[in-house]
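# A closer look at the structure
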Amino acid sequence: MAGNQTLTMIKPETVSKNNIGPVLKQINEAGFRIKAMKFTHLTKQQAGEFYAVHADKNFFEDLTSFMSSGPIVAAILEKENAVADFRELIGATDPLNAADGTIRKLFAESKSRNAVHGSDSDENAITECNFFFSQVERF
Ligand code: CMP
């Protein structure tokens, strides 16, 4: 059965362009409830730990440098079928391929500066939620 939670990060370029509010508005309007939220700045090592699954990819260095370049917002979002529904809301990884009206179509600059992260499976959602939040930080 599909889980009901997913992890998002509002990425550094979205934060620096003052787009936290508009992105959260879309997330709320799509029916997601915020169960935990943190405004934080990852170190490069932490970004590498979060994206460890991509450690062998040619974009890993760029990804971890970028994700540690400025503050981000991390949040646990709850909704039925959360992982799949959130991926639909944000659109394709590359904004050039993202559907109209999706968060990445509206706010992303490129494949590497793609506005937001969303977990890609229920299993990874659990790992990623635990990366940022202890149980007492969830409401
Ligand atoms: P995200 O959903 O955060 O998960 C992994 C990230 O790696 C992805 O968004 C992109 O920002 C980045 N990424 C994936 N593929 C590429 C690529 N080919 N070139 C650069 N960055 C990529």
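One structure accompanies this document, and this report is about it. Residue positions are given per chain, counting from 1 as you read along its sequence in written order. Confidence filtering applies because this is a predicted model: local features only for residues at pLDDT of at least 70, side-chain atom pairs given and counted only at 80 or more, and all residues used for totals across whole chains, interfaces and linings. With hydrogens and water excluded, all non-hydrogen atoms of the structure serve as input to the side-chain values.

## Section: the site of the ligand
By convention in this text, a residue qualifies as near a molecule or strand provided that one of its non-hydrogen atoms is within 4 Å of it. Around the ligand sit Lys11, Tyr51, His54, Phe59, Leu63, Thr93, Arg104, Lys111, Ser112, Asn114 and His117, and that is every residue in its neighbourhood. Polar contacts here mean pairs of N or O atoms no more than 3.5 Å apart (in protein, one a potential hydrogen donor and the other a potential acceptor; neighbouring residues in sequence count only if both atoms are side-chain atoms). Interatomic distance of 2.6 Å between a side-chain N/O atom of Tyr51 and an oxygen atom of the ligand. One of the backbone nitrogen or oxygen atoms of Lys111 is found 2.9 Å away from an oxygen atom of the ligand. All accessible areas in this document rest on Shrake-Rupley with a 1.4 Å probe, and a residue is counted as covered only by the protein chains that are shown. Taken by itself the ligand offers 460 Å² of open surface, and the protein chains cover 80% of this. A class-by-class count of the residues in the shell around the ligand yields three nonpolar, five polar and three charged. Ten residues, namely Ala, Val, Leu, Ile, Met, Phe, Trp, Tyr, Cys and Pro, are considered nonpolar, four, namely Asp, Glu, Lys and Arg, are considered charged, and the remaining ones, Gly among them, are considered polar.

## Considering the nonpolar core
Among soluble globular proteins, nonpolar side chains are generally buried collectively. With 18 residues, the main nonpolar core has Ile10, Val23, Ile27, Phe32, Phe86, Ile103 and Val116 as its most contacted residues. Helix and strand definitions follow DSSP, with helices as H or I runs of at least four residues and strands as E runs of at least two, each counted in order from the N terminus. For this core, the secondary-structure elements that each account for two or more residues are helix H2 (20-29), strand S3 (72-78), helix H5 (82-90) and helix H6 (103-107). Here, residues are in contact when the closest pair of their heavy atoms is within 4.5 Å. The residues touching Ile103, leaving out its near neighbours within four places in the chain, are Val23, Gln26, Ile27, Leu89, Ile90, Ala108 and Val116. In plain words, nonpolar cores are sets of buried Ala, Val, Leu, Ile, Met, Phe, Trp, Tyr and Cys residues tied together by side-chain atoms within 4.5 Å. Exposed residues in this analysis have more than 50% of their type's maximum accessible area, buried residues have under 20%, and partly exposed residues fall in between, with area computed by a 1.4 Å probe over protein chains only. Among the nonpolar cores identified, the runner-up in size contains 17 residues, and Ala36, Phe66, Ile72 and Phe133 belong to it.

## Focus: the packing of aromatic side chains
Each aromatic ring pair is specified by the distance between its two centres and by the angle formed by the two planes. Geometry of aromatic contacts follows a simple scheme: Phe, Tyr and Trp rings, the Trp one being its six-membered ring, pair when their centres are within 6.5 Å, and the pair is stacked under 30 degrees between planes, edge-to-face over 60, tilted otherwise. In total, this model carries six aromatic pairs according to the counting rule given. Measuring from centroid to centroid gives 5.4 Å for Phe32 and Phe86, while their planes differ by 85°, and the two rings are edge-to-face. Linking Phe32 in the loop between H2 and strand S2 (33-40) with Phe86 in helix H5, this pair joins segments that are 54 residues apart in sequence. Judged by relative accessible area, which is 0%, Phe86 ranks as buried. With a centroid separation of 5.0 Å and 75° between ring planes, the pair formed by Phe131 and Phe132 is classed as edge-to-face. A relative accessible area of 30% places Phe131 in the partly exposed class. Put simply, the rings of Phe50, Tyr51, Phe131, Phe132 and Phe133 pair up and form one aromatic cluster. Only Lys NZ and Arg CZ are tested; either one counts as a charge over a ring when it is within 6 Å of the ring centre and within 35 degrees of the ring normal. Against the face of Phe32 rests Lys79, its NZ or CZ located 5.6 Å from the ring centre.

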